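Architecture and fold: a report
Spelled out from the first residue to the last, the chains are:
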Amino acid sequence: MVSRVGRYALIFLFLGLLGSTRCVAQSKLSLKEAVDKALESRASLKANAERVSIARGLRQQAGLVPNPQFQFSNENLRQGQTYGQDVDTFAFVTQPLDILGKRKQRIAAAEGGVNRSQAEYEMARVEIIQRVKLAYWAARGAQQTQDLLRASVKAFQGIVEYHSARLSVGAISEQDFLRVRLEAERLQIDADLAAIEAVRARVQLFKEMGQTDFSDVILSEPLEISGPPIPPMDLAQVLSHRVEMRVANAAVAEAEAKARLEKVSARPDLNLLYGYKRTQLPDTFSGANTAIAGLQITLPIMNRNQGNRVAAAAELRRQRQLLAATGADVQANYYSALQDYKLRLREVATTLEPLRQHAQNISEIAQAAYAQGGIDLLRLLDAQRARIQANLAYVQGMVAYQQSVANLQAAEGEIQ
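Residues numbered from 1 in each chain as written. Predicted model: local features only at pLDDT ≥ 70, side-chain atom pairs only at ≥ 80, totals over all residues. Heavy atoms only, no water.

1. Considering the pairing of strand S5 (residues 270–280)
- Judged from the nine bridges that link them, strand S3 (residues 88–97) and S5 form a sheet pairing that is antiparallel. Across the sheet, Leu 97 pairs through a bridge with Leu 270, a residue of S5.
- Inspection of the sheet shows S5 paired to strand S6 (residues 287–297) by eleven bridges, in the antiparallel sense. Looking at the pairing, Leu 272 lines up with Leu 295 of S6. (Pairing = 2+ DSSP bridges. Helix = DSSP H or I, 4+ residues; strand = E, 2+ residues; numbered from the N terminus.)

Below you can see the structure in the form of structure tokens.
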């Protein structure tokens, strides 16, 4: 029979090793640092920024005045003629007159493209922040799970050695020793799987951050609740804050500008002609120099840009329907995120925290009873297993809570 001192030594071994943490010096990574690195490194975000530059270039091009055309020609060219005496010469410039509202509407349509590309860039930025946040909390939970199971493995290794010593002096049966060793091996398998999952989650985080260095880091953001509960937001505020609504509104404005452009494109094109003509007079050695002036205008008789106007009007109707659909999606997304947040918050307060505390109390009671010889080894192992499972459930619940916070912030349009 093992002494009471030996039993209490075993209990202290449980408590001390289960509370151990990492001692290896590693770099730390907070949530804000992860987001900042993602915004700095993501090539896809830089590509979206170039779309804004493209749209600005198109706006600049839309405001440029059309280039004039220069035309030079000769008439009465025949064999045996003297070029300077027998040939008529024409030289004139044609300048398109963009004075019927087309240039103004081109600029407006291009400006709509700039606004839309800027809104789409902002949406891409928000999506990256959201993905990084979700990946960070998933990796943070995987790290916490790995640490918890590592500590459990270390604790059970001490228990295995303790019961091995007891077995060697005949204080316990071989069956009890095998049970302890089996539990340690099971925990080791769980710890190995948790380590693999932690690596996967960390690599996914680095992928969302746009990083190529997959070095081991410690995610330092605490899993526990920080700050007061998030109050509900008015739907009008949500619609005004969400970047998806800005994108949809910019798309409608761009479609309206393009519809106006297609409408004015049906107007005639005006061209001003001015030039010089030199005509060789008969039976003389000199020519007559005269000026040429004229106005050229297209006649929109057959082609009045009907097809493009119909297409632009249909595109405008489509964008307005998409705006309405986006508004409905935003409201549904916000309601879903708010309900999920409320449920996760209540789960942490009423279920996860009491569950962990109850499992801790049961474990301590079982340890004390085992030290007094009041329970057998199986009940002690069950109590320890229940505590580990409760702690794992708490970690998973806190990850789900933190992700619900990130989702609610994104649904409110308050993501930073």
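Moving on from the coordinates now.
2. What to know about the packing of aromatic side chains
- Following the criterion strictly, the structure yields three aromatic pairs and no others.
- Their ring planes at 35° and their centres at 6.0 Å tell us that Tyr 341 and Tyr 401 sit as a pair that is tilted. Of this pair, Tyr 341 sits in helix H9 (residues 306–371) while Tyr 401 is found in helix H10 (residues 377–412), placing the two residues 60 residues apart along the sequence.
- The class for Tyr 401 is buried, based on a relative accessible area of 4%.
- One residue, Arg 356, lies across the ring of Tyr 394, its end atom 3.7 Å from the ring centre. (Phe/Tyr/Trp six-rings, centres within 6.5 Å; stacked < 30°, edge-to-face > 60°. Buried < 20%, exposed > 50% of the residue type's maximum accessible area, 1.4 Å probe, protein only. Lys NZ or Arg CZ within 6 Å of the ring centre and 35° of its normal.)

3. Topic: helix H6 (residues 174–209)
- Between its terminal C-alpha atoms H6 stretches 52 Å, which fits the 52 Å expected from 36 residues at 1.5 Å a residue.
- Where H6 terminates, the next one or two residues include Gly 210, which has phi positive at roughly 75°. (Expected span 1.5 Å × (residues − 1).)

4. Details of unusual backbone geometry
- Unusually for a residue other than glycine, Asn 305 sits at a positive phi of about 60°.
- Take Asn 305: it is sitting in the loop between S6 and H9.

5. Considering a nonpolar patch on the surface
- Residues Ile 297, Leu 299, Ile 301 and Met 302 make up a contiguous nonpolar surface patch of about 480 Å² in total accessible area.
- Mapped onto the fold, Ile 297 is located in strand S6.
- On the basis of relative accessible area, Ile 297 is assigned to the partly exposed category, the value being 44%. (Patch = residues over 30% accessible without salt bridge, like charges linked within 9 Å, V, L, I, M, F, W, Y side chains within 5 Å. Areas by Shrake-Rupley, 256 points an atom, 1.4 Å probe, with all protein chains shown as cover. Salt bridge = Lys/Arg side-chain N within 4 Å of Asp/Glu carboxyl O.)

6. Observations concerning the sheet that holds S6
- Taken together, four strands build an open sheet; the order of strands is S2-S3-S5-S6 and the sheet is antiparallel. What marks the edges here is a single partner per strand, and that holds for strand S2 (69–75) and S6. Shown here is a sheet whose adjacent strand axes are inclined to one another by a mean of 15°, direction ignored. (Axes fitted to C-alpha atoms, helices over the stretch in contact; angles between N-to-C directions.)

7. Considerations on a positive patch on the surface
- A contiguous patch of positive charge, built from Lys 263, Arg 267, Arg 304 and Arg 309, is present on the exposed surface.
- For Lys 263, the location among the structural elements is in helix H8 (residues 243–264). (Lys, Arg positive; Asp, Glu negative; His and termini not counted. Charge placed at Lys NZ, Arg CZ, Asp CG, Glu CD.)

8. Some details on helix H2 (residues 31–41)
- Residues of H2 that are buried: Leu 31, Ala 34, Val 35 and Ala 38. Relative to the axis of H2, the buried residues are bounded by an arc of 95° and lie together on one face. Of the exposed residues in H2, the ones pointing more than 90 degrees away from its buried face are Lys 32 and Glu 40. (Arc of directions from axis to C-beta.)

9. Section: the environment of Phe 156
- Along the chain, the position of Phe 156 falls in helix H5 (residues 102–168).
- Relative accessible area serves as the criterion here: at 2%, Phe 156 is assigned to the buried category.
- Sequence separation of Phe 156 and Tyr 370 is 214 residues, and the distance between their C-alpha atoms is 16 Å.

10. Concerning the environment of Leu 270
- Topologically, Leu 270 is positioned in strand S5.
- In this structure, the C-alpha to C-alpha distance between Leu 270 and Met 398, residues 128 residues apart in sequence, is 70 Å.
- Non-local contacts of Leu 270, meaning those with residues more than four positions away in its chain, are made with Gln 95, Pro 96, Leu 97, Ile 99, Leu 100, Gln 296 and Ile 297. (Contact = heavy atoms within 4.5 Å.)

11. Things to note about the packing of H5 against H6
- Here H5 crosses H6 at 160°, and the two axes come no closer than 7 Å. The angle between the axes of H5 and H6 places the two elements in the roughly antiparallel class. When the axes of H5 and H6 are compared, the crossing they make is left-handed.
- Looking at the contact of H5 with H6 residue by residue, the classes come out as 24 nonpolar, seven polar and nine charged. (Parallel < 35°, antiparallel > 145°, perpendicular 65-115°, else oblique. Left-handed = near helix turned anticlockwise from the far one by under 90°. Nonpolar A, V, L, I, M, F, W, Y, C, P; charged D, E, K, R; others polar.)

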